[in-house]
Amino acid sequence: MFMIDYKRLSWWYWLVTACLLTAGVTGYPFGFTLAIGLTVFQLIHFTIREHNVTAFPVQVRFWYLMLLLVAFPEPLRIIYWVPTIGTWAQLIFGYCAMARCVSLLPWNRHESFSLDLLARTFLSRPVRGNIMQGLPPAK
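K.L.:
Describe the overall build of the chain, with residues and values.
P.N.:
Looking only at helices and strands, the chain has seven helices and zero strands in total. In the chain, the succession of helices and strands from N to C terminus is α-α-α-α-α-α-α. For the chain, the spread of C-alpha atoms along the principal axes amounts to about 50 × 30 × 30 Å. In the chain, which comprises 139 residues, the proportion classed as buried is 39%.

In structure tokens, the structure reads:
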């Protein structure tokens with residue numbers, strides 16, 4: 001049930017990001033700025049580590065950063081609740097909604113988009129690694 005993976009550096013990146021976002025949504029807006037900065041750092045780190053800007057972990061961090069940037073203007077800050085809750089879910093349960101969304105992009109899937117694919121993507125159990133490795137096969 002729980003997938004607390006404190007031995008991985010990426011888990012610590014996400015933990016600090018979740019704490020910063022939590023600070024932001026509870027009244028300390030500088031937390032949003034720090035979370036964006038940490039996500040940029042994380043994006044650079046994973047791009048260097050993966051040697052490829054199209055690697056799945058890099059894509060997830062890129063789109064996560066885009067979500068943080070879209071939510072940054074004052075009138076849109078309510079959107080920060082989405083990555084805050086989602087990041088805590090990823091940390092505790094291993095369920096990463098962003099990774100599941102990214103896996104549905106045309107260049108990341110090997111089958112046609114369908115309701116079945118959508119259901120398998122969002123309803124499958126969390127796995128170690130990434131969703132690309134854990135999607136159940138089409139029936």
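Moving on, there is more to tell.
K.L.:
Residues and numbers for the side chain of Ser 124, please.
P.N.:
Here Ser 124 shows up in the loop between helix H6 (115–123) and helix H7 (131–134). A distance of 3.1 Å separates polar atoms of two side chains, one belonging to Ser 124 and the other to Arg 100. Side-chain polar atoms of Ser 124 contact the backbone oxygen of Arg 120, separated by 3.0 Å.

K.L.:
Explain the nonpolar core to me, and be specific about the residues and the numbers.
P.N.:
The biggest cluster of nonpolar side chains holds 28 residues, and the ones touching the most others in it are Leu 21, Val 60, Tyr 64, Leu 68, Tyr 80, Leu 91 and Met 98. Going through the elements one at a time, helix H1 (9–25), helix H2 (30–50), helix H3 (56–71) and helix H5 (97–103) are the ones with two or more residues in this core. Sort the elements by how many residues they give to this core and H1 lands first, with eight residues. Here Tyr 80 is in contact with Leu 21, Val 25, Phe 32, Ile 36, Leu 68, Ala 71 and Phe 72, once residues within four sequence places are set aside.

K.L.:
Which residues make up the packing of H1 against H2, and what values do they have?
P.N.:
Between H1 and H2, whose axes approach to 7 Å, the crossing angle comes to 160°. In terms of orientation, H1 lies roughly antiparallel with respect to H2. For H1 against H2, the interelement crossing comes out left-handed. Facing Leu 9, Ser 10, Tyr 13, Trp 14, Val 16, Thr 17, Leu 20, Leu 21, Gly 24 and Val 25 of H1, the residues of H2 in contact are Gly 31, Phe 32, Leu 34, Ala 35, Leu 38, Thr 39, Phe 41, Gln 42, His 45 and Phe 46. Residue classes in the contact of H1 with H2 are distributed as 13 nonpolar, seven polar and no charged.

Rules used throughout
- Residues numbered from 1 in each chain as written.
- Predicted model: local features only at pLDDT ≥ 70, side-chain atom pairs only at ≥ 80, totals over all residues.
- Heavy atoms only, no water.
- Helix = DSSP H or I, 4+ residues; strand = E, 2+ residues; numbered from the N terminus.
- Buried < 20%, exposed > 50% of the residue type's maximum accessible area, 1.4 Å probe, protein only.
- Polar contact = N/O pair within 3.5 Å; in protein donor to acceptor, adjacent residues only side chain to side chain.
- Core = buried A, V, L, I, M, F, W, Y, C linked by side-chain atoms within 4.5 Å.
- Contact = heavy atoms within 4.5 Å.
- Axes fitted to C-alpha atoms, helices over the stretch in contact; angles between N-to-C directions.
- Parallel < 35°, antiparallel > 145°, perpendicular 65-115°, else oblique.
- Left-handed = near helix turned anticlockwise from the far one by under 90°.
- Nonpolar A, V, L, I, M, F, W, Y, C, P; charged D, E, K, R; others polar.

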